[in-house]
Amino acid sequence: MSSSVTAVSEPEILDAKQSSRPRRTWRFRLVKGRRWPTVVAVVVGGLALAVIAGTATAGWLVQRAIPQTKGTISLPGIADDVEVLRDARGVPTVVADTSHDLFFAQGFVHAQDRFWEMDVRRHITSGRLSEMFGDAQVETDTFVRTLGWRQVAEAELGLLDTDTLDALNAYADGVNAYLADRSPTEVSLEYTLLAVTARSYEIEPWTPADSVAWLKAMAWDLRSNLEEETDRALLASTVGSRVTQLYPPYPFDRHQPIVTGGSLDDGQFGPEPVPESEGAAPALAPALPDLFSRARYGADLLDRWLGAYGPGVGSNSFAVTGGRSASGGALLANDPHLAPSLPGIWYQMNLHCRIVDAACPYTVGGFTFSGLPGVVIGHNDAIAWAFTNNGSDVADLAYEALNGDRYVRDGDLIPLETRSETIGVAGGDPVEITVRSTEWGPLISDVSDRQKAVVESSFSPADLPGEANEVGLALQWTALTPGRTADAILALNQATNFDEFRSAAVPFEVPSQNLLYADVDGHIGYQMPGKIPVRGSGDGTMPVAGWSSTSAWRRYVPFSQLPWVFDPPEQYIVAANQAVVDERYPYLLTRDWGYGYRSQRLVDLIESSEPLTPQSAADLMTDTQNGFAPILVADLMEVDEALLDSETLQARELLPGWDFRQDADSAGAAFYNAVWRHLLAGVFHDELTGDLRPDGGDRWFEAMQLILNDRQAIWWDDVRTTDYLELRGEVMAAAMADATAELTDKLGDDPQAWRWGDVHELELVHATFGSSGIAPLEALFNRGPYATAGGEGIVNATGWYPPDGYGVDWAPSMRMVVDLTDLDRSRWVQLTGQSGHVFDPHYTDQVEAWANGDTYPWPFSDAAARDGATETLVLTSE
């Protein structure tokens, strides 16, 4: 039986800027342009205007949701007093006697500042957005239910250590203690607005599964090469064998990997030279472009809320030993790159046990997720750790040959696994769906009736094996198997040396990350964790024929054979989404690494720098050098002047004196990036459309370099002009002319006055109501724009999507530098601020520092936290 979706209206389309791109808004947004009923729009807009105007009623609505941050609150459920010391930016240090009270208080504090965010997050991960926001989200919920995140999270609870379960339960108790006896409007202003359209909505108690399920959303955002896999197939159907030119090999000769050596010896990886080995050759099925479009469409539904994997979704991290630091001790730095949102993804916090012992083994601080106990990235009193995405290929797509409620496997017909789900809809009738799965995984091509009709009208059943008469696309992904990542987070929080750090990494199965390490004894290290599949055939770059088990995953790479390094002779480690190891490593990790422009720039800076301090290390993360610009600028300057008008010639004169830095006040950067945008369009947009258009990341640096070196490349010709053959110089001249015209229109006719930051702007959009289409509401919640430095493939990674313009699509979500010699000399900043409450002073009080490349002191010791506290709240037992 095929999947059924009844009473589903088509999803409302995002505005043109959103819908035209495959990108990447890390957090969810209500659909812009949603047709709010007139009465609803008037009421909601009126409420927003009243709040902005500061009327007495509106002031009451706002203030009742602002949490108490000083004084005393009596609560059931804690054994002893807990102190919550907040500094000038609202960053809390929680001090407790037991682990239970510590995580109870963490849940309470998260709920104080961020419960609306937490509540929406759990509705995303359980496929229940429609209960809050109506029928426009039914297809998104259908996709999440098809993936089954909530079921996986609930299954994981049975695998976790007792201490982790205790922490999750204590955390949930703390959240619920805050919610107790509070109406929704006392929890957050957003609930006042939600009540206009979802009048029957009630806040449910928090549960441990709500916490664990958010890890699935994180894994989705960092899900390796799923987009590349579908895009390759779509591109192959468009440009044939030339698709390989758009996915150049990793430049190992120019950009070094994280681990520069290593070999397997008696089943163990060691950081020594790797012997030569051969990888398995791909075994691919024929391309079915409409089916890939269906899969991409289903992913895009969720990406509008969580953000999709893309070239800017990565991170920088590096660690140095005392030989490269001014203090003589280790330093560690990190800045995860994610799509901007408001509030930001992170919540800063220190968690301190008054006496560190078996009953309370935590003295830890760093960046947390609201909704999850513990610290995700940060340090304790012995070690520090950082995360970057390593891009390992842990997700594969498979065609499935279907016949009714069965599918073909090795010539046999096997029953599909099915389950029924009911989606509640605010203001509408419930929707019944049927989820179908094979041995590979859920059939994600079932997510949309519209896309299903497209495929059925264009695919011939004669192409299928055996008795099959329908084709589907199944997803196999490591995150859909229950795991123990939640155990890993708390184990990292307690680790005191590299061996314990590596042991903590063992259960960190999904998402596979680069884990960077430094400790108070001056050591640094690296460990790659994760469940990395070993395939029977194929290399994960294209979907395979699921009707043959030859392509199935055989096993996972043992943890003992995954790459690691400790105290390398270079005295530094850089992990910035480049290749983990070179091609001699005997297991295939992925063919879709980042191309190493950021990582190699950091390597070069570290090797050429004076010994690093926390401040100079922070400065490295704001470097704006464009590593591809010297190559392209040299070619642009060779374009014949006869092809350029006087205005374009004047603009081109910005390039010879440009230092290749993309600072916000740079005129050269403004012109260069405008040329880059129009050059990508001129070379590729005639053949690549929609989501397949170049996103401008470092893969396109490599692809364009190959094309620039081939003056006769077919890419230079515009296939739409059948009676004319465009040449390389003409296309490059046209790109410069178009860039000049665009910037003249936007910034005036004096090229010297152009500024990169005047077009490369960051807008902070509230995660739900910020794109409501109601102007007063957007004015109430949104902030910006902010002039921004950096760009794609640059250490200061403020990504932008060339087909849409220059606005920042993702950025460093935080920056931290940990000084392991004196932890109180560490520094940090996040993109927005601690609070999710729109009129709280900490809503966006860190943005300016972030935009200027500044960081704040990070008081960590008990003495420093108390000295820096501006407010103290005591939670006491009833």
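Residues numbered from 1 in each chain as written. Predicted model: local features only at pLDDT ≥ 70, side-chain atom pairs only at ≥ 80, totals over all residues. Heavy atoms only, no water.

## Quick notes on the overall build of the protein chain
From N to C terminus, the protein chain includes 26 helices and 31 strands. Taking all 878 residues of the protein chain together, the buried fraction comes to 64%. Split by element, the accessible area of the protein chain, about 29,400 Å² in all, is 49% carbon and sulfur. (Helix = DSSP H or I, 4+ residues; strand = E, 2+ residues; numbered from the N terminus. Buried < 20%, exposed > 50% of the residue type's maximum accessible area, 1.4 Å probe, protein only. Areas by Shrake-Rupley, 256 points an atom, 1.4 Å probe, with all protein chains shown as cover.)

## Focus: the nonpolar core
Ranked by size, the top nonpolar core spans 167 residues in total, and within it Phe115, Leu475, Trp477, Tyr526, Phe781, Met816 and Leu875 carry the most contacts. Take this core: its biggest share by element is 12 residues, from helix α4 (residues 99-125). Residue contacts for Phe115: discarding those within four places in its chain leaves His110, Arg122, Val175, Leu179, Val187, Tyr191, Ile203 and Trp206. With 54 residues, the next largest nonpolar core counts Val633, Ala674, Ala703 and Trp754 among its residues. (Core = buried A, V, L, I, M, F, W, Y, C linked by side-chain atoms within 4.5 Å. Contact = heavy atoms within 4.5 Å.)

## Thoughts on the packing of aromatic side chains
For any pair of aromatic rings, the description rests on two quantities: the centre-to-centre distance and the angle between the ring planes. In the structure shown here, the tally under the stated rule is 40 aromatic pairs. Grouping aromatic residues by their ring pairs yields a cluster made of Trp116, Phe133, Tyr191, Tyr201, Phe769 and Phe781. The ring of Tyr806 carries the charged tip of Arg677 above its face, separated from the ring centre by 5.4 Å. (Phe/Tyr/Trp six-rings, centres within 6.5 Å; stacked < 30°, edge-to-face > 60°. Lys NZ or Arg CZ within 6 Å of the ring centre and 35° of its normal.)

## Describing the environment of Trp593
Structurally, Trp593 can be placed in the loop between β24 (572-574) and α17 (597-608). In sequence terms Trp593 and Asn390 are 203 residues apart; their C-alpha atoms lie 7.5 Å from each other. Ignoring any residue separated from it by four or fewer positions in sequence, one finds Trp593 in contact with Tyr250, Asn390, Asn577, Gln578, Ala579, Val580 and Val581.

## Section: the sheet that holds strand β18 (residues 513-519)
Strands in a sheet are paired, the pairing made by backbone hydrogen bonds, and the direction either parallel or antiparallel. Pairing within the open sheet is mixed, and its 11 strands lie in the order β1-β31-β2-β3-β8-β9-β10-β11-β18-β19-β23. Looking along the sheet, the strands with just one partner apiece sit at the ends: β1 (71-75) and β23 (564-566). Averaged over all pairs of adjacent strands, the angle between their axes in this sheet comes to 15°, without regard to strand direction. Pairing between strand β11 (residues 383-389) and β18: seven bridges, direction antiparallel. Along β18, the bridge assignment pairs Asn389 with Gln513. Against the sheet, helix α15 (residues 485-494) contacts β9 (363-368), β10 (377-380) and β11, and its axis sits at roughly 145° relative to β11. (Pairing = 2+ DSSP bridges. Axes fitted to C-alpha atoms, helices over the stretch in contact; angles between N-to-C directions.)

## Topic: the state of the cysteines
For the coordinates displayed, the defined rule picks out one disulfide. Each sulfur in the disulfide pair Cys353 and Cys360 lies 2.0 Å from the other. Residues Cys353 and Cys360 are joined through a disulfide that is left-handed, its torsion about the S-S bond being -80°. On the accessibility criterion, Cys360 (0% relative accessible area) is buried. (Disulfide = S-S within 2.5 Å.)

## Details of the pattern of salt bridges
Counted according to the given criterion, the structure contains 38 salt bridges. Linking Arg436 and Glu470 is a salt bridge whose minimum nitrogen-to-oxygen distance equals 3.3 Å. Of this pair, Arg436 sits in strand β16 (residues 431-437) while Glu470 is found in strand β17 (residues 470-477), placing the two residues 34 residues apart along the sequence. Residue classification places Glu470 among the buried residues on the basis of a relative accessible area of 14%. (Salt bridge = Lys/Arg side-chain N within 4 Å of Asp/Glu carboxyl O.)

## A look at the confidence of the model for the protein chain
The predicted coordinates should not be examined in detail at positions where pLDDT is low. When pLDDT is averaged along the protein chain, the result is 89; 86% of the residues meet or exceed 70. Taken together, the stretch residues 1-35 has pLDDT below 50 and engages in 136 contacts with residues farther than four places along the chain or on a different chain. Per-residue pLDDT stays below 50 along residues 273-287; that stretch engages in 33 contacts with residues further than four places along the chain or on separate chains. (pLDDT = per-residue confidence, 0-100.)

## Here's the deal with helix α7 (residues 149-157)
All of the buried residues in α7 are Trp149, Arg150, Val152, Ala153, Glu156 and Leu157. Angular distribution of buried residues about the axis of α7 spans 160°; they occupy a single face of the element. (Arc of directions from axis to C-beta.)

## Regarding a negative patch on the surface
Together, Asp645, Glu647, Asp749 and Asp750 line one region of the surface with negative charge. Along the chain, Asp749 falls in the loop between α23 (728-747) and β25 (761-764). The exposed category is assigned to Asp749, whose relative accessible area is 63%. (Patch = residues over 30% accessible without salt bridge, like charges linked within 9 Å, V, L, I, M, F, W, Y side chains within 5 Å. Lys, Arg positive; Asp, Glu negative; His and termini not counted. Charge placed at Lys NZ, Arg CZ, Asp CG, Glu CD.)

## Comments concerning unusual backbone geometry
Following Val510, the chain continues into Pro511 via a peptide bond in cis, with omega recorded as -10°. Residue position: Pro511 is located in the loop between α16 (498-505) and β18. With omega at 10°, the peptide bond leading from Gly784 into Pro785 counts as cis. For Pro785, the location among the structural elements is in strand β26 (residues 783-787).

## With respect to the packing of α4 against helix α8 (residues 162-179)
The contact between α4 and α8 brings their axes to 7 Å, and the two run at 55°. Taken together, the axes of α4 and α8 are oblique relative to one another. Here the hand of the crossing between α4 and α8 comes out right-handed. The residues of α8 that touch α4, namely those facing His100, Phe103, Phe104, Gln106, Gly107, Phe108, His110, Ala111, Gln112, Phe115 and Met118, are Ala167, Ala170, Tyr171, Asp173, Gly174, Val175, Ala177, Tyr178 and Leu179. For the contact of α4 with α8, a count of residues per class yields 13 nonpolar, six polar and one charged. (Parallel < 35°, antiparallel > 145°, perpendicular 65-115°, else oblique. Left-handed = near helix turned anticlockwise from the far one by under 90°. Nonpolar A, V, L, I, M, F, W, Y, C, P; charged D, E, K, R; others polar.)

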